[in-house]
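The lines below spell out each chain.
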Amino acid sequence: QVQLVESGGGLVQAGGSLRLSCAASARTFSIYKMGWFRQAPGKEREVVAAIRWSGDSVYYRDSVKGRFTISRDNAKNTVYLQMNSLKLEDTAVYYCAAGGPAYGSNWYDEPTYNYWGQGTQVTVSS
């Protein structure tokens, strides 16, 4: 099984920044894309950003465009999420996910992911 470990969460003031990391430690041959999801209490999990391992496609949900940046280091099997200008609405548990190939315009959608990390809490305060 592919093991995913997230890190970098914490408490930050609104307007501040955090950088999340996710390292895949085993069987990475099965990974074609990685993504970041988040889930706030009482709400459904939603995709935040995703990137194909080749780097030829990226996705950001509208609410984070211009503030968050997803990137990957192929040699380290690691994906990052740089979060700037954080808002109260960004508070959630953030999950790293990895999946196989998907086709079509919604390649980043949740059903196509096979592996999930434990999650890391991000709390934005005023």
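Calculation rules
Residues numbered from 1 in each chain as written. Predicted model: local features only at pLDDT ≥ 70, side-chain atom pairs only at ≥ 80, totals over all residues. Heavy atoms only, no water. Phe/Tyr/Trp six-rings, centres within 6.5 Å; stacked < 30°, edge-to-face > 60°. Helix = DSSP H or I, 4+ residues; strand = E, 2+ residues; numbered from the N terminus. Buried < 20%, exposed > 50% of the residue type's maximum accessible area, 1.4 Å probe, protein only. Lys NZ or Arg CZ within 6 Å of the ring centre and 35° of its normal. Core = buried A, V, L, I, M, F, W, Y, C linked by side-chain atoms within 4.5 Å. Contact = heavy atoms within 4.5 Å. Pairing = 2+ DSSP bridges. Axes fitted to C-alpha atoms, helices over the stretch in contact; angles between N-to-C directions.

Chemist: I tried to follow the packing of aromatic side chains on my own but got confused; where do I start?
Modeler: Note on aromatic pairs: each is described by the distance of the centres and the angle between the planes. Overall, the coordinates contain five aromatic pairs when judged by the stated rule. Their ring planes at 85 degrees and their centres at 5.0 Å tell us that Phe37 and Tyr113 sit as a pair that is edge-to-face. Residue Phe37 is found in strand E4 (residues 33–39), and its partner Tyr113 is found in strand E10 (residues 113–116); the two are separated by 76 residues along the sequence. The residues Phe37 and Tyr113 share a single accessibility class, namely buried. Here the aromatic cluster, defined as three or more aromatic residues joined through ring pairs, consists of Phe37, Tyr113 and Trp116. Sitting over the face of the ring of Tyr113, Lys33 holds its NZ or CZ atom 4.6 Å from the ring centroid. If you follow Arg45 out to its NZ or CZ, it ends over the ring of Trp116, 3.9 Å from the centre.

Chemist: Mind showing me how you'd approach the nonpolar core here?
Modeler: The nonpolar side chains of soluble globular proteins are, as a tendency, buried together. In this structure, Leu4, Met34, Trp36, Leu81, Met83 and Tyr94 are the most contacted members of the largest nonpolar core, which totals 30 residues. Among the secondary structure elements, those contributing two or more residues to this core are strand E3 (18–24), E4, strand E5 (46–52), strand E7 (68–73), strand E8 (78–83), strand E9 (92–99) and strand E11 (120–125). If sequence neighbours within four positions are ignored, Leu4 has contacts with Cys22, Ala23, Ala24, Met34, Cys96, Ala97, Ala98, Tyr115, Trp116, Gly117 and Gln118. Within the second largest apolar cluster, nine residues are counted, among which are Ala50, Ala97, Ala102 and Trp107.

Chemist: Where do I start with the sheet that holds strand E1 (residues 4–7) in this structure?
Modeler: By way of backbone hydrogen bonds, the strands of a sheet pair with one another, either parallel or antiparallel. Reading across the sheet, the four strands line up as E1-E3-E8-E7 and stay open at both edges, with antiparallel pairing between neighbours. Where the open sheet ends on each side, the last strands, each with one partner, are E1 and E7. Ignoring which end each strand starts from, the neighbouring axes of this sheet average 15 degrees apart. Pairing between E7 and E8: six bridges, direction antiparallel. Residue pairing across strands places Ser71 opposite Tyr80, the latter belonging to E8.

Chemist: Any chance you could explain the environment of Pro41 here in plain terms?
Modeler: Among the secondary structure elements, Pro41 is positioned in the loop between E4 and E5. Note: C-alpha distance between Pro41 and Arg19 (22 residues apart in sequence) is 22 Å.

Chemist: Please clarify how the pairing of E3 should be interpreted in this entry.
Modeler: Two faces, one strand: in a regular strand the side chains alternate between the faces of the sheet. Of all seven residues that make up E3, five are buried, and the element is covered over most of its length. As paired elements, E1 and E3 share four bridges and run antiparallel to each other. By the bridge assignment for E3, Glu6 is matched with Cys22. Sheet topology note: the E3/E8 ladder contains six bridges and is antiparallel. The partner of Leu18 across the bridge, within E8, is Met83.

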